[in-house]
Amino acid sequence: MVWGISSMMFSQDIEIFKVSDFNLKGNVESCFVITDYGKEEYYFNPEGFLTKSVTRYNDTDYETTNYKYLNGFLKERRIENYMDGSFDRATSIANFYEIDTTAAKTITENIVSYEKELLEKNVYTYDQNEKLTKIVRTNTSGIDESDFEYINKDSVTIVRKTLNTLLSKLITTSQVIENGQKFKKVLSENYIEGNLTSKTIEVFNENNKLTLYKELMYDSSTKKWIPQKEERYLYDENGVLVTTKTKKRFGDLTQEYIYQFDGTPANNWVKEIITPNNSYTTRRIKYYPTAKVETIEVIETEVEEGKN
């Protein structure tokens, strides 16, 4: 396990990515993605953790992010930008991490410019169950403190986040059974200075795949919820996405997904076509070599009579 991955991730928590976060399976070494805006490159270590990513906008403009680990800990992340083929120091930053496990585990993150200026310092505190409990952020704007409280009630888990003592986010996760099928429902309510502003609803099937996503804004004057977007995801028997249905305030959209697979044991897709606009994404995937298994010939100790 790599420190920094908590059981309940927040946008403010330390980001560590794995092969599965890129809709990939198996012992992937690298994956090159061709999109309509450019090219993405991802590189992974044998343990499946992302070590480098590259976003190429054109031949001379690109961004690289490098991750370094030590004994299973994330130690360094560097984001480097290149403009017209030259390294841009002004927009490049480095994140350095120090882990202390003498008592409650804490991770100190220092964000530094390439001019060696400290831009921000974050201290993350976790409980004995690896759950994030506190973040203290220090930058030029001052000091902010976020606290996380976990409440378990039967099959419902509530995470309460405060920012400088004011409620900032409330996440309620519950198990739902409909038509004999089990679903996980995640309701996230967002607050600004303690005032409710918006919420999202996510529903996951028994294979932990997202089937429903909703965004709603709260109108404090009428005390009503205003739907912003609703997305439904349909999968085939193998768990592959085949259809998305999106509802917005000004129209609906249905998209179908067609895939070509690489035929390896991991069976990752290498081409995705989205209709009706027929946009497509291609991937070139390289795997770590499979360990060779030596075949040992078993020699019978007893020799058949007459065959010496």
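Quick notes on the rules
- The residue numbers shown here count from 1 along each chain, following its written sequence.
- In keeping with the model being predicted, local features are shown solely for residues with a pLDDT of at least 70 and side-chain atom pairs are shown and tallied solely at 80 or more, while totals for entire chains, interfaces and linings include all residues.
- Side-chain measures were taken over the full set of non-hydrogen atoms in the model, leaving aside hydrogen atoms and water.
- The secondary structure listing takes helices from DSSP runs of H or I that are at least 4 residues long and strands from runs of E that are at least 2 residues long, numbered from the N terminus.
- Type-normalised accessible area, obtained with a 1.4 Å probe on protein chains alone, sets the label of each residue: buried when under 20%, exposed when over 50%, and partly exposed for intermediate values.
- Just so you know, the count uses Lys and Arg for positive and Asp and Glu for negative, and it drops His and the chain ends.
- Throughout this description, the term salt bridge denotes a Lys or Arg side-chain nitrogen within 4 Å of a carboxyl oxygen of Asp or Glu.
- Polar contacts here mean pairs of N or O atoms no more than 3.5 Å apart (in protein, one a potential hydrogen donor and the other a potential acceptor; neighbouring residues in sequence count only if both atoms are side-chain atoms).
- Every residue pair with non-hydrogen atoms within 4.5 Å of one another is taken to be in contact.
- Pairing between strands is defined by DSSP: at least two bridges between the two strands are required.
- Pairing of aromatic rings covers Phe, Tyr and Trp, the last through its six-membered ring, and needs centres within 6.5 Å; plane angles under 30 degrees mean stacked, over 60 mean edge-to-face, and all others mean tilted.
- Think of a nonpolar core as a cluster: buried Ala, Val, Leu, Ile, Met, Phe, Trp, Tyr and Cys residues, connected wherever their side-chain atoms sit within 4.5 Å.
- Values of pLDDT, which run from 0 to 100, indicate the predictor's confidence residue by residue.

K.L.:
What exactly am I supposed to notice about the side chain of Glu 80 here?
P.N.:
Assignment of secondary structure puts Glu 80 in strand E5 (residues 73-83). Within the buried set, Glu 80 has no salt-bridge partner at all; the shortest N-O distance to an opposite charge, 5.0 Å, is to Arg 78. Separated by 3.2 Å, the side chains of Glu 80 and Tyr 82 make a polar contact. One polar contact links Glu 80 to Tyr 114, side chain to side chain, over a distance of 2.7 Å. Apart from the residues lying within four places of it in its own chain, the contact partners of Glu 80 are Tyr 62, Glu 63, Thr 64, Phe 87, Ser 92 and Tyr 114.

K.L.:
Explanation requested: the pairing of strand E20 (residues 279-287) in the structure shown.
P.N.:
Within a regular strand, the side chains alternate between the two sheet faces. Bridging between strand E1 (residues 28-34) and E20 involves 6 bridges; their strand directions are antiparallel. Looking at E20, one finds that Ser 30 is bridged to Lys 286. Bridge count between strand E19 (residues 269-275) and E20: 4 bridges; the pairing is antiparallel. Residue pairing in the sheet places Ile 273 in a bridge with Tyr 280 of E20. Connecting the antiparallel pair E19 and E20 is a turn made up of 3 residues, with Asn 278 showing a positive phi of about 55°.

K.L.:
Help me out: how do you make sense of the pairing of strand E14 (residues 195-204) in this one?
P.N.:
Strand direction decides the pairing type here: strand E13 (residues 181-192) and E14, joined by 9 bridges, are antiparallel. Within E14, the position partnered with Ile 192 by the bridge is Asn 195. What sits between the antiparallel neighbours E13 and E14 is a turn of 2 residues, in which Glu 193 has the positive phi angle 50°. The pairing of E14 with strand E15 (residues 210-219) spans 7 bridges and is classified as antiparallel. Each bridged residue has a counterpart across the sheet, and for Ser 198 the counterpart in E15 is Met 217.

K.L.:
What is the right way to look at the packing of aromatic side chains in this model?
P.N.:
Two descriptors summarise a pair of aromatic rings, namely the distance from one centre to the other and the angle between the planes of the rings. By the definition in use, this model includes 11 aromatic pairs. Summarising the aromatic geometry, the rings of Tyr 62 and Tyr 82 are spaced 4.6 Å apart at their centres and angled 15° between planes, so their arrangement reads as stacked. On the criterion of sequence distance, the pair formed by Tyr 62 in strand E4 (residues 62-70) and Tyr 82 in strand E5 is long-range, its members being 20 residues apart. The pair formed by Tyr 62 and Tyr 82 is uniform in burial state, with each residue classed as buried.

K.L.:
What is the right way to read the nonpolar core from this model?
P.N.:
Considering soluble globular proteins, one finds that nonpolar side chains tend to be buried as a cluster. Counting 37 residues, the largest nonpolar core has Ile 14, Leu 24, Val 28, Phe 44, Tyr 124 and Leu 132 as its most contacted members. Among the elements that make up this core, the one with the highest residue count is E1 (3 residues). Look past the residues within four positions of Phe 44 in its chain and what remains in contact with it is Lys 18, Val 19, Phe 22, Leu 24, Val 28, Glu 29, Phe 49, Leu 50, Thr 51 and Tyr 288.

K.L.:
Before we go on, may I ask you to explain the confidence of the model for the chain in this structure?
P.N.:
Regions with low pLDDT should not have their predicted coordinates read in detail. Confidence along the chain averages 89 in pLDDT terms, with 90% of residues attaining 70 or more. Counting interchain partners and residues more than four positions distant, the pLDDT-below-50 stretch residues 1-11 has 39 contacts. Contacts from residues 293-308, a stretch scored under 50 in pLDDT, to residues over four places away or in other chains number 1 contact.

K.L.:
How should I be thinking about the environment of Leu 50 in this particular structure?
P.N.:
Its place among the elements puts Leu 50 in strand E3 (residues 50-56). Dropping the residues within four chain positions of it, Leu 50 is found in contact with Phe 17, Phe 22, Tyr 42, Tyr 43, Phe 44, Tyr 67 and Tyr 69.

K.L.:
What exactly am I supposed to notice about unusual backbone geometry here?
P.N.:
Phi is mostly negative for residues that are not glycine, and the peptide bonds are mostly trans. Here Thr 275 and Pro 276 are connected by a cis peptide whose omega angle stands at 15°. Of note, Pro 276 is situated in the loop between E19 and E20. One non-glycine residue, Glu 130, lies in positive phi territory at about 70°. Residue placement: Glu 130 occurs in the loop between strand E8 (118-126) and strand E9 (132-139). Although it is not a glycine, Asn 164 sits at a positive phi angle of roughly 55°. Since its relative accessible area comes to 36%, Asn 164 is described here as partly exposed.

K.L.:
When you look at the environment of Asn 139 in this model, what are you seeing that I'm missing?
P.N.:
With respect to the helices and strands, Asn 139 occurs in strand E9. The spatial distance from the C-alpha of Asn 139 to the C-alpha of Ile 201 is 32 Å, given a sequence separation of 62 residues. Once residues lying within four places of it in the same chain are set aside, the contact partners of Asn 139 are Leu 119 and Glu 120.

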